Amino acid sequence: MKESNVLYYGERGLVAGIVADTIAKKADRKLLECVVWHGKTPDFVREVEYCEYLPEYPLGDFGTPDLIITAHTAGAKFVIFLEAKVVGYANACSQEASFRQARTVNVQLALDRRFRLALTKGGGDNLEICETEDYDSGIVRDKARSLRKGAFTSFCRKTLADADGYYYVALTTDEEAEDPYGKDDVLKALVGAAWESEKNRFGLLTYGALEEAGIVSRDGGAFAQAARLMLPVDDTGADKLVYTSNPVNLRGVNLEEWGEDKKTLIDELTRLTPCLIGAVADETEVEELTGSFSYRVGNIVYARIMYLKTENTVVLALLKDPNIPQFVYDDDKRFVCTVMNSDKQYIGYKFYTEADVARFREGINAYFK
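Residues numbered from 1 in each chain as written. Predicted model: local features only at pLDDT ≥ 70, side-chain atom pairs only at ≥ 80, totals over all residues. Heavy atoms only, no water.

Attention now goes to empty space enclosed by the protein. The final tally for this structure, using the stated rule, is one cavity of 30 Å³ or more. Its volume calculated, the largest cavity comes out at about 60 Å³. In terms of lining, the largest cavity is formed by Val15, Ile18, Val19, Leu31, Leu67, Ile69, Leu82, Leu171 and Leu205. Here the lining of the largest cavity gets three residues from one element, more than from any other, and that element is helix H1 (residues 10-24). The residue inventory of the lining of the largest cavity, partitioned by class, reads nine nonpolar, no polar and no charged. (1 Å grid on protein atoms, 1.4 Å probe; cavity = no way out; pocket = protein on both sides within 12 Å on 5 of 7 lines; lining within 4 Å. Points joined across faces, edges and corners; volume = space filled by probe spheres on them. Helix = DSSP H or I, 4+ residues; strand = E, 2+ residues; numbered from the N terminus. Nonpolar A, V, L, I, M, F, W, Y, C, P; charged D, E, K, R; others polar.)

As structure tokens, this is what we get:
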């Protein structure tokens, strides 16, 4: 008789699977040793005896970290806030130095830090944790934020407020676990003058590093099912499919200039595109802009459909990221591009006829078998 099992899905499922597999393998310290820090690895990591894991704890105006880890040594406790994404760090970041893009990873990490400040230095009691005045990093201002949840607030004070140190980690699909924080000017602005004294508290963890360390596997364990659905791996990556080194800057035209035959192609592509980015865009927002349909979550545009009048063709642009599958298609109709209002690179696919879309769909079906 088979044993009962839980099949995880989504970013939450990935994190839950990692926690379950880490506990099963007694790999608490090993997990933290996989983090690449902005600076040297904190001394406490090599002394960790056990961890407690707090997944998806809602911190009011400060957001909901994907995971909070309390790491215990023989005589001290350290708190690590972890934010998980299913794209690379650069593609998960806000490019705007403000707290408006609260679903992007660098803003989330900055809000985690603000919660720590409010918890340890701010106002309130067992009923609330609050900033006593509007936040000002010296570069960025924001309204004062708070957590008001009664018994839960009291729990946070008892569990998190007495830590000996606080740290912030992004979990991403980056192929190389290299430190991304030196290039993140937005995070530096959100932290402000304190950045130089606190930058070594930030780290990057990748799913690949956890697999290499043997903590999780795609072949079994709690992590495996979510990974198969959320972290597709194939040898048809973006870099292997595109041979041009000069990205084309795409500029569309007004919707009323699209011919009826092209609108038919666009109708087909609007049905296909959510299937292609479903792993990273569970809450896909289809937005009609001048000359394009944009598929995005927060401020990250994962796909854009455009009509190029100069070539009388429709283009589907998919974000060039290791976790966004790229599909076999005619070499002469596939190219590297950029799109309006974004500094990221995309892979563009050209469609002239319904036969082109049908052939593309066949390739997608084969990929997902």
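Bringing the packing of aromatic side chains into the picture now. Tallied over the entire structure, the rule returns 20 aromatic pairs. The interplanar angle of 40° and the centroid separation of 5.3 Å between the aromatic rings of tryptophan 195 and phenylalanine 202 together place this pair among those described as tilted. Pair check on accessibility: tryptophan 195 and phenylalanine 202 agree, each one buried. Taking the centre distance of 6.3 Å and the plane angle of 25° together, the rings of tyrosine 207 and phenylalanine 223 count as stacked. With tyrosine 207 in helix H7 (residues 207-212) and phenylalanine 223 in helix H8 (residues 222-230), this residue pair connects regions lying 16 residues apart in the sequence. According to the relative accessible area criterion, tyrosine 207 is buried, its value standing at 3%. Aromatic rings pair up to connect Phe62, Phe81, Tyr89, Phe115, Tyr168, Tyr181, Trp195 and Phe202 into one cluster. The ring of phenylalanine 99 carries arginine 114 above its face, with NZ or CZ at 4.6 Å from the centroid. Across from the ring centre of phenylalanine 335, 5.3 Å away, lies the NZ or CZ of lysine 350, which sits over that ring. (Phe/Tyr/Trp six-rings, centres within 6.5 Å; stacked < 30°, edge-to-face > 60°. Buried < 20%, exposed > 50% of the residue type's maximum accessible area, 1.4 Å probe, protein only. Lys NZ or Arg CZ within 6 Å of the ring centre and 35° of its normal.)

Scope: geometric values only; no functional claims are made or implied.
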